[in-house]
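Read off the chains here:
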Amino acid sequence: MAKESDNKVLSIDGREVQITNPEKLYFSSQVKVTKLDLVQYYLSVAPGALGGIQDRPIVLKRFVNGAEAEAFYQKRAPEKRPAWLRTVTLSFPSGRTAEEIIVDDAAGLAWIVNLGCIELHPHPVRSGNLDHPDELRIDLDPIPGVSWDDVRRVALEVQGFLDEVGLCGWPKTSGSRGMHVNVPIEPRWTFTQVRRAAVALSRAVERRAPTLASSKWWKEERHGVFLDYNQNAKDRTTCSAYSVRPLPDARVSTPLDWEEVPDCDPADFTIFTVPERFAKIGNPHAKMDASSGSLEKLLELAVKDEAAGIADAPWPPHFRKMEGEAARVMPSRAKSAAKKTAIKKQRVKMPLITVANSPDKAAALAGLERWKAKHADIASLLAVDDVLVDSMRGRSSTWTRIRINLRHVAEEQRPLQETPEPDDDPTREWRERWKKKKTNE
């Protein structure tokens, strides 16, 4: 256990912030980064990092044991906090409320990083208007096996479409395999309306680049790069500008100019390289807040889609069923058209098997490789998008499920469902209790 004497006190703009256990390694597998290194990184890019979170309630995603260990989400502000940190009370779709932290300055930024917040997760609203987002967030999420070049091509399609509807997009690497495009908007629309606009945008980009882009919510239906419209649902957050990501090389979600997108490489932007870049060119998104636009054209497109018989896309699972929403059921589990009168076309049931469940993504991926080695003849028949790597969200953390779609394997050759390996589904016990409760009612 670290001694209190080992702690380090930083004086930041007249405020003192204590960094506990400053030499604790937060990255160790590929690069060595201590907690103090992480704090100093954020202070070196503080004007840019604050540009993404200032005056916004923020969810604390805490990696208290470093980037290689499991993180947990903390919505509620810690009871023990500096008097100078602001909070605001948010309400959520569940009906619950939480008092969340607002970071206004570099001292506040260092304070939350000391809690283990490797990433920054702000809501898309300002503290004075919690019901009307001032950002539409476009999350480009490639399925496994999709190239970075395809991600960039879809990002440029997004830029072209935004120009057509009079909106200004600001691109950044996600810090992982994808890209984010933040679109400043006037805070005149509700979360539901902003998400509706995002659905229309996702479908429009898919129509522009049907072989590259997908707006399909269910992973077994996706291909290429998924435009995750549900990141605009209330209570959802994405990592903000200059966030460090928990990858082995300590990559950073880095703001870009559009001119950089065709040739950029996400591996170039790490905790070691971004401070120098920031010192040289500043924040490419510094003027983002001055470019707010209107959602009217996107909402008009949503009305046209609805008139053409295109139902609302599925919402995240913890939201109540919404008016006009398509059936919220995976295609592989869809029942026959006779039993599901709300479904005009019967979906094709996909032959899916689960090969790994684990809170540790690396362990799940290792399980996938063992399955491929065991079934090498079957693995050779799979397409890139037949491997479904699902990030499953629990109440306070995420876990990884890996499934295989056997649609390209002849029925007589398809392996049976075996016990996944590893098979550590942290929600199983809860689901079994719920099933037992329903049976006894």
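Scroll up to find the structure this text is about.
Throughout what follows, the structure given in this document is the object of discussion. Per chain, residues are indexed from 1 in the order of the written sequence. Only residues with pLDDT of at least 70 are given local features in this predicted model, and only at 80 or more are side-chain atom pairs given and counted; all residues enter the totals for whole chains, interfaces and linings. To obtain the side-chain values, all non-hydrogen atoms of the structure were included, while hydrogens and water were left out.

### Let's talk about the nonpolar core
Rule in force here: Take the buried Ala, Val, Leu, Ile, Met, Phe, Trp, Tyr and Cys residues and link them wherever side-chain atoms come within 4.5 Å; each set so joined is a nonpolar core. Each residue's exposure class comes from its accessible area (1.4 Å probe, protein chains only) as a fraction of the maximum for that residue type: buried when under 20%, exposed when over 50%, partly exposed otherwise. Every helix listed is a DSSP run of H or I at least four residues long, and every strand listed is a run of E at least two residues long, numbered separately from the N terminus. In this description, contact between two residues means that some pair of their heavy atoms is separated by no more than 4.5 Å.
Ranked by size, the top nonpolar core spans 92 residues in total, and within it Leu109, Leu136, Ile138 and Leu295 carry the most contacts. Here this core gets eight residues from one element, more than from any other, and that element is helix H5 (residues 191–208). With sequence-adjacent residues up to four places away left out, Ile138 is seen in contact with Val158, Leu162, Met179, His180, Val181, Val183, Leu201 and Leu227. Judged by nonpolar contacts, the second largest core, of 14 residues, contains Val355, Ala356, Ile378 and Val389.

### Description of the sheet that holds strand E16 (residues 387–393)
Our working definition: Strands are labelled as partners when DSSP assigns at least two bridges between them. Axis angles are defined between N-to-C directions and span 0 to 180 degrees, where every axis is a line fitted to C-alpha atoms and, for a helix, only to the segment in contact.
Overall, antiparallel pairing links the three strands, which are arranged E15-E17-E16 in an open sheet. Looking along the sheet, the strands with just one partner apiece sit at the ends: strand E15 (352–358) and E16. Averaged over neighbouring strand pairs, the angle between their axes works out to 25° when direction is ignored. The pairing of E15 with strand E17 (residues 398–405) spans six bridges and is classified as antiparallel. For Ser358, the partnering residue across the bridge sits in E17 and is Thr400. Sheet strands touched by helix H8 (residues 361–374): E15, E16 and E17. Its angle to E17, the strand with the most contacts, is close to 20°.

### A word on empty space enclosed by the protein
Counted only if it meets this: In this analysis a 1.4 Å probe is tested at points of a 1 Å grid over the protein atoms alone, and where it fits but cannot get out there is a cavity; an open set with protein on both sides within 12 Å along at least five of seven lines is a pocket; lining residues have an atom within 4 Å of a point. Grid points are joined across faces, edges and corners, and a volume is the space filled by probe spheres set on the points. Three classes are used, and their members are as follows: Ala, Val, Leu, Ile, Met, Phe, Trp, Tyr, Cys and Pro are nonpolar, Asp, Glu, Lys and Arg are charged, and the others, Gly among them, are polar.
Scanning the model with the defined rule gives one cavity of 30 Å³ or more in all. For the largest cavity, the calculated volume is near 40 Å³. Taken together, Leu136, Arg137, Ile138, Asp139, Ala198, Leu201, Ser202, Leu227, Asp228, Tyr229 and Asn232 make up the lining of the largest cavity. Listing elements by their share of the lining of the largest cavity, those giving two or more residues are strand E10 (135–142) and H5. When residues in the lining of the largest cavity are grouped by element, the largest group, four residues, is from E10. Taken together, the residues that form the lining of the largest cavity break down as six nonpolar, two polar and three charged.

### Looking at the sheet that holds strand E14 (residues 225–227)
Taken in spatial order, the five strands line up as E11-E12-E10-E14-E13 in an open sheet, and their pairing is mixed. In this open sheet, the two strands that pair with only one neighbour each are strand E11 (170–173) and strand E13 (213–214). As paired elements, E10 and E14 share three bridges and run antiparallel to each other. Each residue of the ladder has a partner; that of Pro142, found in E14, is Val225.

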